[in-house]
Amino acid sequence: MAPSPVRPRGRGGYWLFLIPGFVLFTVVIVVPFVMNVATSFTRWSGVGTPTWIGFGNYTKLFEDERFWTSFEHNAALIVAMAVVPTVIGLVLSAALFDYIGKKFGPRTASALRAAYYLPQVLPVAVAGVVWNWMLHPSYGAVNAIFGTKVNWLGDPGLALATVMAIMVWFQLGYPVVIFMAGLQRADPALHEAAEIDGASWWRRFWHITIPQIRPEIFVVLLTCTIAALKVFGPIFVLTRGGPGNATMVPSYFSYLNFFEKANVGYGSAIATVLALIIVVVTFLFLRVQERDS
Amino acid sequence: MSAERPVRAPGRWAVLAALAVLAVVMSSPFLIVTLNAFKSPAEYSSGGPLSLPKGLYLDGIIDFWNRVDFGEKLWNSLLISGAVAIGAVVLSVLNAYALGIGRVRGRLWILVLFLVANTLPQESLVYPLYYLSKEVGLYDSKLAVILIFTVIQAAFGTYLLSSVLGQFPREILEAASIDGAGKWRALSRIVVPISRPTLSVLLIFFFIWTWNEFFLPLIFLISNDNQTVPVALGVLQGEKMMDATMSSASALLGIVPAVAFFLIFQRTLTRGVTVGAIK
């Protein structure tokens, strides 16, 4: 069919449909973001007139030990929320898909998948409420079950590890579900051929399964890394960044400066750096993925 | 199909057992919370967290429900999430109609802008939003939260829906245009009905994502009678008056709606979970 020049009454009028989106987007995202960047160059308590101090907040930021610590904790949370769930999720989804699914039937596989996915349906703040109760130092279920008296979230040496473990629990179901969907798309003939050639399960997993679901692995790593960089809810509910700074993360650090210390300029600088890091990480991921395909 | 190879039976049962143990570990917090929400404090201190409740003790749940007026929190969450879901779908459709079907000039840059907006941390918007909402008298109102999340969710929806509508069969639109249908008619009579499956997935996702939000609602909804379920539960953490069984009752009340939505929307969600992966 020849391309027809007919369009619903010309081309220009489509702009009109963008007007509500454009207005709202400007008011809710563009203007606040620009204001936040501008505020990061000032000293401001939230009332009165901000004082322009140039890069003052940023130089202070790079010398602030709490700031660096909070990013180290972010790195730890990327391990707990992106790296570990992806690795375990790969093994679990492959085991469910081509071992349990084939030997015990797809119903068993999907029941197990549902159990792994269950934590993902919770609002992350509610997941925090659940674990706060489970880990309570005086009446918590975990201590009662194991007969221990550990203050899981209150011990500065343990708190970060505990939060990491909770986040692994929370995130794990997401890669399992995404990877299993990816495996359904994959071609079973390759697997069968390798099996006939006598390749072991691990070899097939490494050389066939993983390459086939590369796009899914990229998506999971990217989205979970961004989620880890943004993490706020679990920290607020579980530890409030404490004890001391043991679980401080940039998002909570900026929140403290905005709403508790009235250091709005400093908080804005933290938030701007965080936004920059997230945009750069997203961009790098997309570049790598593009080159990969 | 190829014939089943003989497998050593103990090996496959061992794999199943390991995976089943992991499933129990993953779901144990749900079971333990449920178990203890129905115990009296005395029963908890004598029997510990793993004993079965002797009867259905509902006082913990009822006390907590009344103390925080949980019905009101449910209604707030429902209202905010519902309004955002509808508003964000409408806004996404309007944007995507212009970008995906209208192919307005500069659409690539507009899409990149929406994508970037979607990844921005809310921390980098929160203080100006807080300040501006105070200036216009919308601070501590559900309307402010609804407006903000409508735009945030629509940024994602626009991005997704534009590529879906980019594939929209041109012939149908051309036929409609020959029949004299204007752009509004083409949108409401043709594009929206045909894209309904995608729109309903978006609607459900926006609803659940908004329900789960914590950071902005925490800051914008400070008065008790505006709070959503996650905010009310999160803020009540560590209150001295909460004993063991009441804490577990509060956790259960947070779990139940989330699991209910999951069960209700399960089919749509599993179909669309890869869609959500882009977020």
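Residues numbered from 1 in each chain as written. Chains lettered and ligands numbered in written order. Predicted model: local features only at pLDDT ≥ 70, side-chain atom pairs only at ≥ 80, totals over all residues. Heavy atoms only, no water.

**Here we look at the overall build of chain A**
Phase 1 of the analysis: Scanning chain A for helices and strands turns up 14 helices and 2 strands.
Phase 2 of the analysis: Here the C-alpha radius of gyration of chain A, 24 Å, is well above what a compact globule of 293 residues would show, namely 19 Å.
Phase 3 of the analysis: Expressed along its principal axes, the backbone C-alpha trace of chain A runs to roughly 75 × 75 × 30 Å.
Phase 4 of the analysis: Total accessible area on chain A stands at roughly 13200 Å², and carbon and sulfur atoms take up 67% of it.
Phase 5 of the analysis: Of the charged side chains in chain A, 20 are positive and 14 negative, and the gap between their average positions amounts to 9 Å. (Helix = DSSP H or I, 4+ residues; strand = E, 2+ residues; numbered from the N terminus. Rg over C-alpha atoms; globule rule 2.2 N^0.38 Å. Areas by Shrake-Rupley, 256 points an atom, 1.4 Å probe, with all protein chains shown as cover. Lys, Arg positive; Asp, Glu negative; His and termini not counted. Charge placed at Lys NZ, Arg CZ, Asp CG, Glu CD.)

**Here's the deal with the domain arrangement of chain B**
Phase 1 of the analysis: Split by domain assignment, chain B resolves into domain 1 (9-59) and domain 2 (69-235).
Phase 2 of the analysis: A straight line from the C-alpha centre of domain 1 of chain B to that of domain 2 of chain B covers 39 Å. (Domains from an automatic or database assignment.)

**Details of the pattern of salt bridges**
Phase 1 of the analysis: Applying the stated criterion to the full structure yields 2 salt bridges over all chains.
Phase 2 of the analysis: A salt bridge links Lys73(B) to Glu72(B); the nearest nitrogen and oxygen atoms lie 3.0 Å apart. (Salt bridge = Lys/Arg side-chain N within 4 Å of Asp/Glu carboxyl O.)

**Details of the packing of aromatic side chains**
Centre-to-centre distance and the angle between the planes together describe a pair of aromatic rings.
Residue and element names in this part refer to chain A.
Phase 1 of the analysis: With the rule as written, the count across this model stands at 48 aromatic pairs over all chains.
Phase 2 of the analysis: A ring pair is formed by Phe62 and Trp68, whose centres lie 5.9 Å apart and whose planes are at 45 degrees; its orientation type is tilted.
Phase 3 of the analysis: Looking at Phe62, the relative accessible area reads 46%, which means it is partly exposed.
Phase 4 of the analysis: Seen from the ring of Tyr99, Lys103 lies directly overhead, with NZ or CZ sitting 4.8 Å from the centre. (Phe/Tyr/Trp six-rings, centres within 6.5 Å; stacked < 30°, edge-to-face > 60°. Buried < 20%, exposed > 50% of the residue type's maximum accessible area, 1.4 Å probe, protein only. Lys NZ or Arg CZ within 6 Å of the ring centre and 35° of its normal.)

**A few points about the interface of chain B and chain A**
Phase 1 of the analysis: With 97 residues of chain B at the interface, the matching set in chain A holds 86 residues.
Phase 2 of the analysis: In total, about 8200 Å² of surface goes out of reach between chain B and chain A, with carbon and sulfur atoms giving 78% of it.
Phase 3 of the analysis: On the chain B side of the interface with chain A, the three residues burying the most area are Met26(B), Tyr127(B) and Lys183(B), jointly 9% of the side's total.
Phase 4 of the analysis: On the surface where chain B and chain A come into contact, there are 0 salt bridges. (Contact = heavy atoms within 4.5 Å. Buried area = accessible area lost by both parts, 1.4 Å probe.)

**With respect to helix α3 (residues 65-103) of chain A**
Residue and element names in this part refer to chain A.
Phase 1 of the analysis: Here α3 contains 39 residues, and its C-alpha end-to-end distance of 54 Å stays within 8% of the 57 Å for a straight helix at 1.5 Å per residue.
Phase 2 of the analysis: The largest bend in α3 amounts to roughly 35 degrees and is located at Leu96.
Phase 3 of the analysis: Put simply, Asp64 is the residue that caps the front of α3, since its side-chain oxygen is 2.9 Å from the backbone nitrogen of Arg66.
Phase 4 of the analysis: Positive phi shows up at Gly105, right after α3, with a value of about 95 degrees. (Expected span 1.5 Å × (residues − 1). Bend = angle between axes of the 7 residues up to and from the residue. Polar contact = N/O pair within 3.5 Å; in protein donor to acceptor, adjacent residues only side chain to side chain.)

**Here's the deal with the UniProt feature "transmembrane region" (unreviewed entry) in chain A**
Phase 1 of the analysis: According to UniProt, the "transmembrane region" (unreviewed entry) feature falls on residues 12-35, 75-97, 117-136, 156-181, 217-238 and 264-286 of chain A.
Phase 2 of the analysis: Helix makes up 85% of residues 156-181 of chain A and strand 0%, whereas the separation of the span's terminal C-alpha atoms amounts to 40 Å. (UniProt positions renumbered as here; feature names shortened; annotations may be inferred.)

**Brief notes about helix α8 (residues 173-185) of chain A**
At 3.6 residues per turn, the α-helix brings residues three or four places apart onto the same side.
All names here are of chain A.
Phase 1 of the analysis: In this model, α8 (13 residues) spans 19 Å end to end at C-alpha, consistent with the 18 Å of a helix rising 1.5 Å per residue.
Phase 2 of the analysis: The buried fraction of α8 is high, at 10 of 13 residues.
Phase 3 of the analysis: For α8, every residue scored as buried is listed here: Gly173, Tyr174, Pro175, Val176, Val177, Ile178, Phe179, Met180, Gly182 and Leu183.

**Thoughts on the environment of Gly265(A)**
Residue and element names in this part refer to chain A.
Phase 1 of the analysis: Of note, Gly265 is situated in helix α14 (residues 264-292).
Phase 2 of the analysis: Judged by relative accessible area, Gly265 falls into the buried class, the value being 1%.
Phase 3 of the analysis: C-alpha separation for the pair Gly265 and Ala95, spaced 170 residues apart in sequence, amounts to 51 Å.

**So, a nonpolar patch on the surface**
Residues and elements named next belong to chain A.
Phase 1 of the analysis: A cluster of nonpolar side chains, contributed by Leu16, Ile19, Phe22, Val23 and Val27, occupies part of the molecular surface with about 510 Å² of accessible area.
Phase 2 of the analysis: You can see Val27 is positioned in helix α1 (residues 19-39).
Phase 3 of the analysis: Given a relative accessible area of 48%, Val27 falls into the partly exposed group. (Patch = residues over 30% accessible without salt bridge, like charges linked within 9 Å, V, L, I, M, F, W, Y side chains within 5 Å.)

**Focus on the UniProt feature "transmembrane region" (unreviewed entry) in chain B**
Residues and elements named next belong to chain B.
Phase 1 of the analysis: Cross-referencing UniProt, the feature "transmembrane region" (unreviewed entry) maps to residues 74-96, 108-131, 143-161, 199-224 and 244-265 in the present numbering.
Phase 2 of the analysis: Along residues 108-131, the helical share is 88% and the strand share 0%, with 32 Å between the first and last C-alpha atoms.
Phase 3 of the analysis: As a span, residues 199-224 carries 77% helix and 0% strand, and end to end its C-alpha atoms are 33 Å apart.

**Examining the environment of Trp52(A)**
Residues and elements named next belong to chain A.
Phase 1 of the analysis: Take Trp52: it is sitting in strand β2 (residues 51-52).
Phase 2 of the analysis: By relative accessible area, which is 62% here, Trp52 ends up exposed.
Phase 3 of the analysis: Separated by 164 residues in sequence, Trp52 and Glu216 have C-alpha atoms that sit 46 Å apart.
Phase 4 of the analysis: Here Trp52 is in contact with Ala38, Phe41 and Thr42, once residues within four sequence places are set aside.

**Quick notes on the nonpolar core**
Phase 1 of the analysis: Ile100(A), Tyr116(A), Leu122(A), Trp133(A), Tyr252(A), Phe64(B) and Phe220(B) are the most contacted members of the largest nonpolar core, which totals 171 residues.
Phase 2 of the analysis: When residues of this core are assigned to their parent elements, the largest contribution, 14 residues, is made by helix α4 (residues 70-101) of chain B.
Phase 3 of the analysis: Both of domain 1 (9-59) and domain 2 (69-235) of chain B provide at least three residues apiece to this core.
Phase 4 of the analysis: Not counting residues within four places of it along the chain, the set of residues in contact with Phe64(B) comprises Phe70(B), Leu233(B), Leu236(B), Met242(B), Met246(B), Ser250(B) and Leu253(B).
Phase 5 of the analysis: Core analysis: the next-biggest nonpolar cluster, separate from the first, contains 13 residues, Phe179(A), Phe205(A), Ile210(A) and Ile213(A) among them. (Core = buried A, V, L, I, M, F, W, Y, C linked by side-chain atoms within 4.5 Å.)

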